[in-house]
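# Structural characterization, general
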Amino acid sequence: MWNTILTRSLGIRYPIIQAPMAGGPSTPQLVAAVSNAGGLGSLGCGYLTPDGIRDEIRSTRKLTDKPFAVALFTPGKSDPPSPSIIQEASRLLDPYRKELGLPLSPPSPTKFGEALEEQLQVILEEKPPVFAFTFGVPPEGFLRECRKRGIWTMGTATNAAEVRLMRDSPDPVDFVFAQGCEAGGHRGAHASSIANDTFTALLPLVPQLVKENVPIIAAGGIMNGSQIVAALDLGACGVSMGTAFLLCPESGTSAPYRAALRNEAASAEPVGTAYTRVISGRLARGIRNRFMREMEQFEGRIPGYPYQYYVTQPLRKACVSAGRSDFISMWAGQGVSRIRELPAADLLARLVTEAEQTRMVRPG
């Protein structure tokens, strides 16, 4: 069961990937703990400066000599919104700023993310074992340069057309994450698919994408060993799990975020998750909170990604500092109520045991 093209190619023991979670949760400590336990840890570096990415990679290497992945966002070029749209989106946040004691109508952000070309250059220079990407594909020629340096590559797809785009490219990808609609965090659809996204669930999606003759990694809502077995039985060569690792002590999950996760696990009536665009400008699944509910009516008045992300960033930081979860992003998949609070190595061992027990009951 554990001998797949993923484990053989990367030299890892188990085909279990700790999904990259940008914005804090994916720390070097979490990544190293997963990799040291036989899985593949992943750094989510999409929001980091080039120097920040370099520091994360080097910090991880101090903690493990096992393979790990580094992930970036590759959404392609887009026209920036007009200053008036940014200003209007900012004004919509004034009631929340007032509540938190922040200045009203602050100046608009002057920077909306890092230069992708500079981030990618760090990947080529530092040569992590695996490079993963989502929201589209990297610039032409980049995956070829990765291959020259011995870096394995992993893209993200939500449908077969996206798989074919990455498979048939002059720079083909090595592995593809099949992202089911149950997945927490940002929807990984390419720009060409966003308008017609069918939001296919993971179990029907995996066999669809396996037919495209590219190694497929199942991602979305997987929280236990029996689900791992189900994905592998459908033809996936591995699984990617993000939400499952959010309560590990090694993760960088903030205190109010952790409290909300614990509530989902303990409550007889959990809040549940939903898709929203109001936090970042791009569709993402997270635990429902007040900001998502109240801002939904203004969805047509906010800028797209990444502009809304940086408009809301100061509010989210202030909310975390205040120990509140009202206005922060709490990305989580549909299986969040099954989350467990364990050290990463113990969680991985538990997942392996559950999968092996499932296989004994259901041979395949």
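Relevant structure appears above.
Summarised in this report is the structure supplied together with it. The shown structure was predicted, so the numbers you read here are calculated from the model rather than taken from an experiment.

A separate point is the overall build of the protein. A tally of regular secondary structure across the protein gives 14 helices and eleven strands. Taken against the 2.2 N^0.38 rule, which gives 21 Å for 364 residues, the C-alpha radius of gyration of the protein at 20 Å falls within 12% of a compact globule. Each principal axis of the C-alpha distribution contributes one length, and for the protein these read about 60 × 50 × 40 Å. Measuring between centres, the 38 positive side-chain charges of the protein sit 1 Å from its 34 negative side-chain charges.

Should their charged atoms come close, side chains of opposite charge can pair. The final tally for this structure, using the stated rule, is 26 salt bridges. R97 is the salt-bridge partner of D94, the closest N and O atoms lying 2.7 Å from each other. With D94 and R97 both in helix 5 (residues 94-100) and three residues apart, the pair spans about one turn of that helix. As far as the burial class goes, D94 and R97 line up, both buried. Put simply, R149 and E145 hold a salt bridge, and the shortest N to O gap is 2.8 Å. Residue E145 is classed as partly exposed on the basis of its relative accessible area of 24%. Residues joined in a network through salt bridges with shared partners are R54, R58, R61, E125 and E126.

Glancing now at the packing of helix 4 (residues 83-91) against helix 13 (residues 307-321). Where helix 4 contacts helix 13, the axes come no closer than 10 Å and their chain directions differ by 40°. In this structure, the crossing between helix 4 and helix 13 has a hand that is right-handed. Here helix 4 contributes I86, A89 and S90 to the contact with helix 13, which in turn contributes Y307, Q308 and V311. For the contact of helix 4 with helix 13, the per-class residue count stands at four nonpolar, two polar and no charged.

Conventions used here
Residues numbered from 1 in each chain as written. Predicted model: local features only at pLDDT ≥ 70, side-chain atom pairs only at ≥ 80, totals over all residues. Heavy atoms only, no water. Helix = DSSP H or I, 4+ residues; strand = E, 2+ residues; numbered from the N terminus. Rg over C-alpha atoms; globule rule 2.2 N^0.38 Å. Lys, Arg positive; Asp, Glu negative; His and termini not counted. Charge placed at Lys NZ, Arg CZ, Asp CG, Glu CD. Salt bridge = Lys/Arg side-chain N within 4 Å of Asp/Glu carboxyl O. Buried < 20%, exposed > 50% of the residue type's maximum accessible area, 1.4 Å probe, protein only. Axes fitted to C-alpha atoms, helices over the stretch in contact; angles between N-to-C directions. Left-handed = near helix turned anticlockwise from the far one by under 90°. Contact = heavy atoms within 4.5 Å. Nonpolar A, V, L, I, M, F, W, Y, C, P; charged D, E, K, R; others polar.

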